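# Examining the three-dimensional arrangement
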Amino acid sequence: MILFRDGHNIDVKITQVVKDQIFYKLSSKKDAPELSVDIADVYMIKFASRGNVYITADGKRVTGENQKIDKEANLIYLITGKEIQAFNPKVGTDIITYQLTPKAKKGMTPQMGAVPLSDVFLIEYADGTRDVITDLSGAVMPKTAVIIPDEPKEETPEHKPALKVVFHTAKSGDTIDSVASRYGVTPQEIIEWNELPAKTRTTARLKVGMELMLYVESTE
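The shown structure was predicted, so the numbers you read here are calculated from the model rather than taken from an experiment.

## Quick word on the overall build of the protein chain
Counting its secondary structure elements, the protein chain contains two helices and 16 strands. Per-residue burial over the protein chain gives 34% buried out of 220 residues. Put simply, of all contacts in the protein chain between residues at least 6 apart along the chain, 45% involve residues at least 24 apart. Summed over all atoms, the accessible surface of the protein chain reaches about 14,600 Å², with 51% contributed by carbon and sulfur.

## Structural notes on the environment of Met 44
Structurally, Met 44 is set in strand E6 (residues 42-47). Its relative accessible area of 0% is what places Met 44 among the buried residues. For the pair Met 44 and Tyr 54, spaced 10 residues apart in sequence, the C-alpha separation works out to 4.4 Å. In this view, Met 44 contacts Met 1, Ile 2, Leu 3, Asn 52, Val 53, Tyr 54, Tyr 77 and Gly 81; residues no more than four positions away in its chain are not counted.

## Details of the side chain of Glu 83
Looking at where Glu 83 falls in the secondary structure, it is placed in strand E10 (residues 83-91). Taking the relative accessible area as the measure of exposure, Glu 83 reaches 4% and is therefore buried. Polar side-chain contacts of Glu 83 include one of 3.3 Å to the side chain of Asn 52.

## Observations regarding the sheet that holds strand E12 (residues 112-116)
Taken together, six strands build an open sheet; the order of strands is E12-E11-E10-E9-E13-E14 and the sheet is antiparallel. Two strands in the sheet have a free side with no partner beyond their single neighbour: E12 and strand E14 (130-132). Sheet twist, expressed as the mean angle between neighbouring strand axes with direction ignored, is 40°. Here strand E9 (residues 74-78) runs beside strand E13 (residues 120-124); their pairing, made up of four bridges, is antiparallel. Considered in E13, the bridge of Tyr 77 is made with Leu 122.

## Comments concerning the pairing of E9
Judged by how many residues are buried, E9 sits mostly within the fold: five of five residues are covered. Side chains of E9 alternate between two faces, with Asn 74, Ile 76 and Leu 78 and Leu 75 and Tyr 77 buried alike. Examined bridge by bridge, E9 and E10 share four bridges and lie antiparallel to one another. Following the sheet pairing, Leu 75 is matched in E10 by Gln 85. Where E9 hands over to E10, the hairpin turn is made up of four residues, of which Gly 81 adopts a positive phi near 100°.

## Notes on the layout of surface pockets
Its boundaries defined by the atoms lining it, the largest pocket holds a volume of some 980 Å³. Lining the largest pocket are 38 residues, and of these Leu 78, Thr 80, Asp 119, Asn 194 and Met 213 sit closest to its centre. Mapped onto the lining of the largest pocket, the elements with two or more residues apiece are strand E11 (95-99), E12, strand E15 (163-169), helix H2 (187-193) and strand E16 (211-217). Of the residues belonging to the lining of the largest pocket, the class tally is 22 nonpolar, seven polar and nine charged.

## Structural notes on the side chain of Thr 175
Residue position: Thr 175 is located in the loop between E15 and helix H1 (176-183). Of the residues examined, Thr 175 reaches a relative accessible area of 12% and is grouped as buried. If near-sequence neighbours (up to four positions away) are discounted, Thr 175 is found in contact with Thr 202, Thr 203, Ala 204, Arg 205 and Leu 206.

## Some remarks on the pairing of E13
Within E13, five of the five residues are buried, which leaves the element mostly enclosed by the surrounding structure. Pairing analysis gives three bridges linking E13 to E14, with the strands arranged antiparallel. Of the residues in E14, the one forming a bridge with Glu 124 is Arg 130. In this structure, the hairpin formed by E13 and E14 is closed by a connection of five residues, where Gly 128 is found at a positive phi of approximately 100°.

## Digging into the pattern of salt bridges
The tally for this structure, following the rule as stated, stands at two salt bridges. As a salt-bridge pair, Glu 83 and Lys 46 come within 2.5 Å of each other at their nearest N and O atoms. Of this pair, Glu 83 sits in strand E10 while Lys 46 is found in strand E6, placing the two residues 37 residues apart along the sequence. Lys 82 is the salt-bridge partner of Glu 211, the closest N and O atoms lying 2.4 Å from each other. Note that Glu 211 is positioned in strand E16 and Lys 82 in the loop between E9 and E10, a separation of 129 residues in sequence. By relative accessible area, Glu 211 is classed as partly exposed at 36%. Exposure remark for Lys 82: the relative accessible area of 17% places this residue in the buried category.

Rules of the game
- Counting starts from 1 at the beginning of each chain's written sequence and moves along it residue by residue.
- Local features in this predicted model are restricted to residues whose pLDDT is 70 or higher, and side-chain atom pairs enter the listing and the counts only when it is 80 or higher, whereas totals over whole chains, interfaces and linings include all residues.
- Working from all heavy atoms in the structure, the side-chain values ignore hydrogens and water.
- Note on conventions: DSSP H or I runs of at least 4 residues are helices, E runs of at least 2 residues are strands, and numbering of each starts at the N terminus.
- Each residue is assigned to one of three classes by its accessible area relative to the maximum for its type, calculated with a 1.4 Å probe on protein chains only: buried under 20%, partly exposed between the two thresholds, exposed over 50%.
- It only takes one pair of heavy atoms within 4.5 Å for two residues to be counted as in contact.
- In this description, accessible areas are obtained by the Shrake-Rupley approach with a 1.4 Å probe, and a residue is regarded as covered only by the protein chains that are shown.
- Polar contact criterion, stated in full: a pair of N or O atoms within 3.5 Å, where within protein one must be able to donate a hydrogen and the other to accept it, and residues adjacent in sequence count only if both atoms are side-chain atoms.
- The pairing criterion for strands is at least two bridges between them, as found by DSSP.
- Note on geometry: axes are C-alpha line fits, over the in-contact stretch for helices, and angles between N-to-C directions span 0 to 180 degrees.
- Only protein atoms enter the 1 Å grid, on which a cavity is a set of points fitting a 1.4 Å probe that cannot get out and a pocket is an open set with protein on both sides within 12 Å along at least 5 of 7 lines, lining residues being those with an atom within 4 Å of a point.
- Grid points are joined across faces, edges and corners, and a volume is the space filled by probe spheres set on the points.
- The classification used treats Ala, Val, Leu, Ile, Met, Phe, Trp, Tyr, Cys and Pro as nonpolar, Asp, Glu, Lys and Arg as charged, and all other residues, Gly among them, as polar.
- The salt bridge definition used is simple: a Lys or Arg side-chain nitrogen within 4 Å of an Asp or Glu carboxyl oxygen.

Next comes the structure, spelled out in structure tokens:
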């Protein structure tokens, strides 16, 4: 499935993914015409067997989880490309709350989760309807212009390591400083990536269960 940045999706057979284009067919027949779409317009490719591939606003491809989806689950897609299974979601003015499981055991309160509304791209309900919370169709990478200089200069290309998105769930005793040290990033980067207050104390202990998004070097 190709999920677009304006919220609609199509079921396809992917034939090729290149730097700025995705080629696909609407049928598995050999003589089916091959179509293409600008990768700038795509939020995510969901492969049946390989999991999700999230397309960042600047065109990077990030491989996500390949989780088994409960047929009763609603899916919450975050702006950062994460997919959350949610049951009985409630959309508030600034937050979405949801159950982590379809039903709680008798006599027990169901486990709950929550996510800020500002972090959410789309909710896809189990009945097939969708609710676009943040329209990302305008937040696409700029088209690249190719400029040919009059006199080409020989320069040593700068090597930039490939990055991938990981999510760290805070454990007892974790601080921003300790998480930064563990993943080889700076505390200030963690604050900026997660839109935390600028005056956040990096030595303060994080709330257990708090989820932080990080960009780390890919080892692939």
